[in-house]
Amino acid sequence: MLFSELGLGPDVLRAIEDKGYTQPTPIQEQAIPWVLQGRDVLGCAQTGTGKTAGFTLPMISLLASGRARARMPRSLILEPTRELAAQVADSFEMYGKYHKLSMALLIGGETFSEQVKKLDRGVDVLIATPGRLIDLFERGNIMLNDIKVFVIDEADRMLDMGFIPDIERIVSKLPKTRQTLFFSATMPPEIRRLADAFLTTPQEVTVAPPASPAETVTQAMALVQDMDKRKALRHLLRTEDVKNAFIFCNRKRDIAVLQKSLERHGFNAGALHGDMVQSKRTETLDLFKKGEISLLVCSDVAARGIDVQGLSHVFNFDVPLTPDDYVHRIGRTGRAGKQGRAFMLATPDDTKLVGAITRLIKREIPMIAIDGLETAEFGDEDARPRRGGRGGSRSRSEGRPEARSRDERPNREERPAREERAVRDERAPREERPLREERPERPERQPRESLAAAEARRNGEPRRDRDRDRRRRRDDDDDDVSVIGFGDHMPAFMLRSARPRPAAETVAESAEQSQEG
Ligand code: AMP
């Protein structure tokens, strides 16, 4: 099929031609005609399938006629992270270059004043992360009752990040008559329920995930002691032909430490995580994309959706806490038909996590030895990932693993994500594990209470509202903080009044207290 057969306007087709696309991808082929017909669309597709163009191209054609009024955007796209929002904004600019559509990007970490000025001038396309959008809405800078096309992108990621209450709130401000496009990489029941609530007789489109990383990414894992991980990483960086690489850490505070350590050893490394100011995040990613930084030490904020062309390597400096993240991380390389290489540094403490990954990807990760370092042993016997090859012994290939393991493991049932998360909870607390080489002992950073939350507390606002506020202001994509507690859901037992205690018990207790005092 050709783009010209999809019903897109001539100026959009011109921009596509400039971009050099010859054929629509399956999601574009399926979704674009429905969007152009004004239908709601429920798309099951992940990044890498061409999904962004699947909704931006027809939106440009739809919005080509009409004008935006001040503070009343005509379309809204919600993205879970700032980087994804910025990427969608880039796509809009690229595909809409022959149109005069105005666009605003509302993301945390940028100054309000510029964003407000843009809104005041009127925007056709508003691309936002949920927290910043609600902030601006609450300040009265924006009205959502003229939204004609509403897009929720990466809905399952929004769920993981605790944004669903915010999204429900945003949807309640939208006009009932609108077109809604809803995209998610997976469709667990919670997401399906949301889709049912937000969409009207949607047209469902589903595309297979892009070529699984297993086919284009050569994977390997080295089992080393925690204190040897940096040395192991440096060895891999020196022996592998690394053009550019993401190096994933699980915790933000380890990122800066590792980046500095790499710089000290002469590597050209930058850092990217959700606690950095937005200008620095954007600048670092730009430098990396331009090739001025070749290694990017990062958190999972870089694992999903970020499209860096031709990334040669991914290093998991830490074994990811959920197996899905492993797939997302290594999927940053080996894209668009290119080959990529992914290495993971595991320690004996990571036995269960590695087991969860191999169960999810349904294959073992070939083991390699690192020159000059003793290979460690996996911990817990029951949780050991199965090894193939020579009766379970490690292959001693010198950093050049086979593209695939020889003995494919039989398919096992995929464990649901929630169960995988339990694996993380079973892990020994980090603090109890041996300290890493050079790791400064710093107390864990406590999340700061936002000004609004503090004010609410002083004003005696209910705790639920404060919690929601704090969670939202956590800055949209605070990537390694999971949602804790009940969120907005108040369990019934908490609403039951406390049983009055017998007077004698209360008297005894107050006598005890006065003695202590
Ligand atoms: P996405 O899934 O939207 O993140 O897109 C992944 C990559 O595919 C991006 O680099 C796009 O520029 C590219 N892409 C999107 N549509 C096409 C197409 N029809 N032909 C070739 N590349 C495309």
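Just above sits the structure.
Within each chain, residues carry numbers counting from 1 in the order of the written sequence. Only residues with pLDDT of 70 or above have their local features reported here, since the model is predicted, and side-chain atom pairs are shown and tallied only from 80 upward, although totals for entire chains, interfaces and linings are computed over all residues. Heavy atoms from the whole structure form the basis of all side-chain values; hydrogens and water molecules are not counted.

Q: How would you explain the overall build of the protein if you had to name every residue and give the values?
A: By the criteria applied, helices consist of DSSP H or I runs no shorter than four residues and strands consist of E runs no shorter than two, each listed in order from the N terminus. From N to C terminus, the protein includes 20 helices and 14 strands. Residue pairs in contact within the protein that sit at least 24 positions apart in sequence constitute 77% of those at least 6 positions apart. Of the accessible surface of the protein, which amounts to about 24,900 Å², a share of 50% is contributed by carbon and sulfur atoms. What makes two residues a contact is simply this: any of their non-hydrogen atoms within 4.5 Å. The accessible surface values rely on the Shrake-Rupley method and a 1.4 Å probe; as for residues, cover is taken only from the protein chains in view.

Q: Outline the side chain of R329, supporting the account with residue identities and numerical values.
A: If you trace the backbone, R329 turns up in helix α14 (residues 323–330). Separated by 3.1 Å, the side chain of R329 and the backbone oxygen of D318 make a polar contact. Polar contact is the term for a pair of N or O atoms within 3.5 Å; when the atoms are in protein, one must be able to donate a hydrogen and the other to accept it, and sequence-neighboring residues count only if both atoms are side-chain atoms.

Q: So what about unusual backbone geometry? Which residues, and what values?
A: A negative phi angle characterises most non-glycine residues, just as the trans form characterises most peptide bonds. Positive phi values are uncommon outside glycine, yet E154 reaches one of about 55°. For every residue, the accessible area (1.4 Å probe, protein chains only) is compared with the maximum for its type, and the residue is labelled buried under 20%, exposed over 50%, or partly exposed between those bounds. Judged by its relative accessible area of 6%, E154 falls in the buried class. The backbone of K362 sits at a positive phi, close to 55°, despite the residue not being glycine. Here K362 shows up in the loop between α15 (351–361) and β14 (367–368).

Q: Please set out the environment of R157 residue by residue, giving values where relevant.
A: Examined against the element boundaries, R157 turns out to sit in helix α7 (residues 155–160). Since its relative accessible area comes to 9%, R157 is described here as buried.

Q: Give a detailed account of the packing of helix α2 (residues 26–36) against helix α3 (residues 51–63), specifying residues and quantitative values.
A: One way to put it is that α2 packs onto α3 with a least axis distance of 9 Å and a crossing angle of 25°. Judged by the inter-axis angle, α2 sits roughly parallel to α3. With respect to the hand of their crossing, α2 and α3 are arranged in right-handed fashion. Each of I27, Q28, A31, I32, V35 and L36 in α2 lies in contact with α3, whose residues at this interface are K51, A53, G54, L57, P58, S61 and L62. When its residues are assigned to classes, the contact of α2 with α3 shows 9 nonpolar, 3 polar and 1 charged. Helix axes are fitted to C-alpha atoms over the stretch in contact, other axes to C-alpha atoms as well, and angles between N-to-C directions run from 0 to 180 degrees. Roughly parallel refers to an angle under 35 degrees, roughly antiparallel to one over 145, roughly perpendicular to one between 65 and 115, and oblique to any angle outside these ranges. It is the rotation of the near helix from the far one that decides the hand of a crossing: anticlockwise by less than a right angle makes it left-handed, clockwise makes it right-handed. Under this grouping Gly is polar, as are all residues other than the nonpolar Ala, Val, Leu, Ile, Met, Phe, Trp, Tyr, Cys and Pro and the charged Asp, Glu, Lys and Arg.

Q: So what's going on with the environment of V314? Which residues, and what values?
A: Summarising the element assignment, V314 is placed in strand β12 (residues 313–316). In sequence terms V314 and G340 are 26 residues apart; their C-alpha atoms lie 8.0 Å from each other. When sequence neighbours within four positions are dropped, the list of residues in contact with V314 reads F246, F248, R329, I330, R332, T333, R341, A342 and F343.

Q: Kindly report on the sheet that holds strand β4 (residues 125–128), identifying the contributing residues and their values.
A: Taken together, 7 strands build an open sheet; the order of strands is β3-β4-β2-β5-β6-β1-β7 and the sheet is parallel. In the strand order of this sheet, the two ends are held by β3 (103–106) and β7 (203–206), each with one partner. Averaged over all pairs of adjacent strands, the angle between strand axes in this sheet comes to 10°, irrespective of strand direction. One requirement defines pairing of two strands: DSSP has to find at least two bridges between them. Where strand β2 (residues 75–78) lies against β4, 4 bridges are found, and the strand directions are parallel. Paired with L76 across the two strands is L126, which belongs to β4.

Q: Summarise the sheet that holds β14; cite the residues concerned and give the values.
A: Spatial strand order, β10-β11-β9-β12-β13-β8-β14: 7 strands in an open sheet with parallel pairing. Only two strands of the sheet have a single neighbouring strand rather than two, namely β10 (269–272) and β14. When β12 meets strand β13 (residues 340–346), the two strands line up parallel, connected through 4 bridges. Counted as the bridge partner of V314 is A342 from β13. Each of β9 (245–248), β11 (295–298), β12, β13 and β14 touches helix α11 (residues 229–239); the most contacted strand, β13, lies at about 160° to it. Here helix α12 (residues 252–264) sits on the sheet and contacts β9, β10 and β11; the angle it forms with β10, its principal contact strand, is near 175°.

Q: Report on α14, specifying residues and quantitative values.
A: Among the 8 residues that make up α14, 6 are buried, leaving the element largely enclosed by the rest of the structure. Among the residues making up α14, those that are buried are P323, D325, Y326, H328, R329 and I330.

Q: Describe the packing of aromatic side chains, naming the residues involved and giving the relevant values.
A: Aromatic rings from Phe, Tyr and Trp, with only the six-membered ring used for Trp, were paired whenever their centres fell within 6.5 Å, and each pair was classed as stacked if the ring planes differed by under 30 degrees, edge-to-face if by over 60, and tilted otherwise. Scanning all chains against the criterion turns up 5 aromatic pairs. Ring centres of F55 and F183 lie 5.4 Å apart, and the angle between their planes is 35°; this geometry places the pair in the tilted category. Taken as a pair, F55 in helix α3 and F183 in strand β6 (residues 179–184) lie far apart in primary sequence, 128 residues in all. Of the residues examined, F55 reaches a relative accessible area of 0% and is grouped as buried. With a relative accessible area of 1%, F183 lands in the buried category.

Q: Before we move on, could you go through the site of the ligand and cite the residues and values that matter?
A: The local shell around the ligand holds 14 residues, among which Y21, Q28, G48, T52 and D307 are the closest. One of the side-chain nitrogen or oxygen atoms of Q28 is found 2.8 Å away from a nitrogen atom of the ligand. Here T49 contributes a backbone N or O atom positioned 3.0 Å from an oxygen atom of the ligand. Its free accessible area being 500 Å², the ligand has 78% of it covered by the protein chains. Residues are classed as near a molecule or strand on a simple rule: at least one heavy atom within 4 Å of it.

Q: Talk me through the pairing of β6; I want residue IDs and the actual numbers.
A: Counting buried residues in β6 gives 6 out of 6 residues, a clear majority hidden from the surface. Where burial is concerned, the two faces of β6 agree: the one with Q179, L181 and F183 and the one with T180, F182 and S184 are both buried. Taken together, the 4 bridges between strand β1 (residues 41–44) and β6 define a ladder with parallel strand orientation. Bridge assignment links V41 to a residue of β6, and that residue is L181. Pairing of strand β5 (residues 149–152) with β6, which is carried by 4 bridges, proceeds in the parallel orientation. Bridging from a neighbouring strand, V149 pairs with Q179 of β6.

Q: Describe the pattern of salt bridges, listing the residues and the values that go with them.
A: Definition used for salt bridges: Asp or Glu carboxyl oxygen within 4 Å of a side-chain nitrogen of Lys or Arg. A full pass over the atoms with the stated rule returns 19 salt bridges. When the shortest N-O distance is used, the salt bridge between E154 and K51 registers 3.2 Å. Of this pair, E154 sits in the loop between β5 and α7 while K51 sits in helix α3, and the two are 103 residues apart along the sequence. A salt bridge links E204 to R192, with the shortest nitrogen-to-oxygen separation between them at 3.0 Å. One end of the pair, E204, is in strand β7; the other, R192, is in helix α9 (residues 189–198), with 12 residues separating them in the sequence. The class of R192 is partly exposed, set by a relative accessible area of 32%. Each of K51, D153 and E154 takes part in a single network of salt bridges with overlapping partners.

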